[in-house]
Amino acid sequence: MDERGPTDATVCPLCAVGCHLAPGDGDRAEGRAGPANPEGRLCQKGVTAFEGIDGRLTEPRVREGGALVSTGWSRAYERVVEGIEAAVAAAGPDAVAFLGAPNSTNEENYLLGKLARTLGTNNVDNRARHCHVSTARALAERFGWPATTGSLEGLSDADVILVVGANPAARQPVAFNSFVRPAVTDGTTLIHVDPVGNRTTRLADVHLAPRPGTDALVLDLLCERVLDDGAADEAFVEARTNGFEDFASELGDLDDAAGVDAAGLDADALGRVGRLVGEADRVAAIVGTGIEANGESADDGDDDDGRDHGAADSLLNLLLLTGNVGRRGSGLSVFRGPPNEQGAIDAGCVPDRLPGHQPVTDPDARARVAAEWGVEPPARPGTPATDLLTEFGESVRAAVVVGENPAVSKRDPDWVRRRLGALDHLTVVELAEHETTAYADVVLPAAAGVEKVGTVTNLDRQIQRLRPVVDPPEGARTDFRILCDLAARLSGVEANFEYAGPAEVFAELTRVAPTHAGVEYADLAAGSYRWPADEAVLYRDRFETPDGRAPFVSPPTRSPGGAVEPDSDADARGGLDLVVGGRAGEADGDGPTDRRLRVHPTDAERIGVEPGDSVAVSGGDCSVETTATLDGSVRQGTAFLHAAVADPLVRAGASTVRVEPF
Ligand code: SF4
């Protein structure tokens, strides 16, 4: 089979926009017109897609006498099989964890899930899914699927684009410049809600800079404004939703003045945004990981009551209230960072969902999968990745990590290293050695995205073909081949893993996952296909819920008595609210990471900091050192740090910090 197809292009492996590109001069990439970059644009990062990777692995390594030594593939596979089989023999299939990654293709993530489940465990996950955990869960529970509801090109029909907790101008620049910027040029109003002004703010008509952690409250206040202005879409609410009366009643109890004060906003500015949203025919919302800070933790994969979602739920309330779902130019776009984050979830590389977002607890779904695999998946959901790490060395004895580096996370690095070191066996499939391979018993050299065949799914559900536009180094193998080789060698895996290529796996995925039914691999040769049924707009007539309607949920930012939850008044405490940019798991924007502390000039004067001063930023029992810069776009009362600098403070639980020059 010729996998190179009719074009010389593949999909950029560096973020979830999914631009088409091809080799250009030297090791530079050139853009090719594709669905997500119709004018063939690439960002500064995209042009580096073919640059070499330092320390590229070209042969397997196994740990002998405490050191990783080179070996052949047969010996390496033997060691992996020994490690997994020993764990299963000692404590059953749930003693093995499989961690996938958004850098793998849809087919590779599907195979990883199939391998885990046919071995007998649902302990399969990918860390990227935790980047948007509260938004994905709110969408899945209330609308049906954890995915963007519309399309990038549909943004051109929006009268208002509301960006909350995202900086797409820096993080998804081609999507921003190809779809958002032209819409704004044509008259769409851009509203940016973010405590920090950034590149996206530069194009915005309105910037609301609420206190950190108050996005949910701001969105509740906007719902209240829409109701007070009589701008709710009553016909939509009546025909398509549940729970409006309770929602409106509880919203009516909101102490508006206290809420505006707690959010630190100007009431007139908030009222103006409420009118813009309420009077617009079509409102499209874009969210990033910033919205995750306003509900459960982005690292928290568990949720007992299933309704503690924060800002994402408040935003869905606003869209339902104004009838902004199910039409082109409306809905919610999840601007993901990592390249195949959406596809990894779609393909079932998650502990509680089979391919196509089917619950593992659903007997019909398990039967559908079993008909194809010949083996029924376990009915009990597996353990999410964050909790699996806690179980390393306890109930989990062996792990297979594909294209992931769990040693680097927001958690205490010493604790993570201890957990990795507590495993009896660790296999890592990777391009080069990194922090996690230091604990591996086996390291298998993998092929890179631009060397692969298969499909990936971008941030607006478009499935696109990858083509091997450059050759992998001698000795490296694709995750696809490695997973099939391991499955053939592992005792207890009875399912078929003999495939002529990724096209056959994709065909199997479309038979197993109803969301992907009817998609032909060959039809993806020159374009893309949005699941389900190539539909650019989800929920036109009904939501994918049992009764076809979407529920309102009560505003989560207020106590039962209607009072606004206590305001985090940083000034009163003599500190600054910490705002973290560039969260873990999100692709970096163009240019180097800015590691400086950004503070408002008024705050800098108050605490005696000059531009360029060395400063200690302290919170909890943690302190980090950096230099200061003054920035009028940073909200007064806040301290802005990139995640790479702020993570120790975040791990220490610091939401307020002190800044001291030294
Ligand atoms: Fe690659 Fe993303 Fe840049 Fe497009 S926007 S070129 S997908 S990094």
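Figured I'd write up the structure that's included with this text. Here the structure is a predicted model, which is why all the values come from computation and not from measurement.

1. Points about the pattern of salt bridges
Phase 1: Applying the stated criterion across every chain, the model contains 33 salt bridges.
Phase 2: For the salt bridge of Glu 64 with Arg 79, the shortest nitrogen-to-oxygen distance reads 3.5 Å. Of this pair, Glu 64 sits in strand 4 (residues 61-64) while Arg 79 sits in helix 1 (residues 73-91), placing them 15 residues apart in sequence.
Phase 3: The partly exposed category is assigned to Glu 64, whose relative accessible area is 38%.
Phase 4: You can call Arg 79 buried: its relative accessible area is 15%.
Phase 5: When salt bridges that share partners are traced, they join Asp 8, Glu 30 and Arg 32 into one network.

2. Some thoughts on the packing of aromatic side chains
Phase 1: Enumeration over the complete set of coordinates arrives at 10 aromatic pairs.
Phase 2: Here Trp 145 and Trp 531 contribute two aromatic rings whose centre-to-centre distance is 5.6 Å and whose plane-to-plane angle is 90°, an arrangement assigned as edge-to-face. Here Trp 531 lies in the loop between strand 21 (528-530) and strand 22 (550-551) and Trp 145 lies in the loop between helix 3 (133-142) and strand 8 (160-164), a separation of 386 residues in the sequence.
Phase 3: By relative accessible area, Trp 145 is classed as buried at 13%.
Phase 4: Among the residues examined, Trp 531 registers a relative accessible area of 0% and is labelled buried.
Phase 5: Taking 4.7 Å as the distance between ring centres and 20° as the angle between the ring planes, the aromatic pair formed by Phe 247 and Phe 552 counts as stacked. Placement of Phe 247 in helix 9 (residues 244-252) and of Phe 552 in the loop between strand 22 and helix 19 (570-573) is noted, with a sequence separation of 305 residues between them.

3. A look at the packing of helix 7 (residues 215-228) against helix 9
Phase 1: Between helix 7 and helix 9, the shortest axis-to-axis distance is 10 Å and the interhelical angle comes to 105°. Taken together, the axes of helix 7 and helix 9 lie roughly perpendicular to each other. Along the contact surface, helix 7 presents Asp 220, Cys 223, Glu 224 and Leu 227, while helix 9 presents Phe 244, Phe 247, Ala 248 and Leu 251.
Phase 2: Class assignment of the residues belonging to the contact of helix 7 with helix 9 gives a composition of six nonpolar, no polar and two charged.

4. Regarding the nonpolar core
Phase 1: Formed by 111 residues in total, the largest nonpolar core has its most connected members in Phe 98, Leu 111, Phe 143, Leu 315, Leu 318 and Leu 444.
Phase 2: Not counting the four nearest positions on each side in its chain, Leu 111 is found in contact with Phe 480, Leu 483, Cys 484, Phe 497, Tyr 499 and Val 505.
Phase 3: Formed by 34 residues, the second largest nonpolar core is a distinct cluster that contains Ala 16, Ala 49, Phe 179 and Ala 284.

5. Considering the packing of helix 1 against helix 17 (residues 479-489)
Phase 1: Between helix 1 and helix 17, the shortest axis-to-axis distance is 10 Å and the interhelical angle comes to 60°. By the criterion of interaxial angle, the relationship of helix 1 to helix 17 is oblique. For the pair helix 1 and helix 17, the sense of crossing is right-handed. Residues Trp 73, Tyr 77, Val 80, Val 81 and Glu 85 of helix 1 form the contact with helix 17, whose participating residues are Arg 481, Ile 482, Asp 485, Leu 486 and Arg 489.

6. Points about the sheet that holds strand 18 (residues 442-445)
Phase 1: The seven strands are arranged 5-4-18-17-16-6-7 in an open sheet whose pairing can be described as mixed. What marks the edges here is a single partner per strand, and that holds for strand 5 (67-70) and strand 7 (124-126). Here the strands of the sheet are splayed against their neighbours by 20° on average, with no regard to which way each runs.
Phase 2: Where strand 4 meets strand 18, two bridges bridge the pair, whose relative direction is antiparallel. The residue of strand 18 that forms the bridge with Arg 61 is Val 443.

7. Remarks on the side chain of Glu 451
Phase 1: Note that Glu 451 resides in the loop between strand 18 and strand 19 (454-457).
Phase 2: At a separation of 2.8 Å, a polar atom in the side chain of Glu 451 contacts the side chain of Arg 56.
Phase 3: At 2.7 Å, the side chain of Glu 451 and the backbone nitrogen of Ala 448 are in polar contact.
Phase 4: In contact with Glu 451, other than residues within four places in its own chain, are Arg 56, Pro 468, Val 470, Asp 471, Pro 472 and Pro 473.

8. Topic: helix 5 (residues 173-185)
Phase 1: In helix 5, a bend of some 25° at Phe 179 exceeds every other bend along the element, and Pro 182, a proline, comes one to four places later.
Phase 2: Buried within helix 5 are the following residues: Pro 173, Val 174, Ala 175, Phe 176, Ser 178, Phe 179, Val 180, Ala 183 and Val 184.
Phase 3: Buried-residue contacts for helix 5 involve strand 8, helix 4 (168-171), strand 9 (189-193), helix 6 (199-203) and strand 12 (283-287).
Phase 4: One or two residues past the end of helix 5 sits Gly 187, with phi positive at roughly 120°.

About the thresholds
- Residues numbered from 1 in each chain as written.
- Predicted model: local features only at pLDDT ≥ 70, side-chain atom pairs only at ≥ 80, totals over all residues.
- Heavy atoms only, no water.
- Salt bridge = Lys/Arg side-chain N within 4 Å of Asp/Glu carboxyl O.
- Helix = DSSP H or I, 4+ residues; strand = E, 2+ residues; numbered from the N terminus.
- Buried < 20%, exposed > 50% of the residue type's maximum accessible area, 1.4 Å probe, protein only.
- Phe/Tyr/Trp six-rings, centres within 6.5 Å; stacked < 30°, edge-to-face > 60°.
- Axes fitted to C-alpha atoms, helices over the stretch in contact; angles between N-to-C directions.
- Parallel < 35°, antiparallel > 145°, perpendicular 65-115°, else oblique.
- Contact = heavy atoms within 4.5 Å.
- Nonpolar A, V, L, I, M, F, W, Y, C, P; charged D, E, K, R; others polar.
- Core = buried A, V, L, I, M, F, W, Y, C linked by side-chain atoms within 4.5 Å.
- Left-handed = near helix turned anticlockwise from the far one by under 90°.
- Pairing = 2+ DSSP bridges.
- Polar contact = N/O pair within 3.5 Å; in protein donor to acceptor, adjacent residues only side chain to side chain.
- Bend = angle between axes of the 7 residues up to and from the residue.

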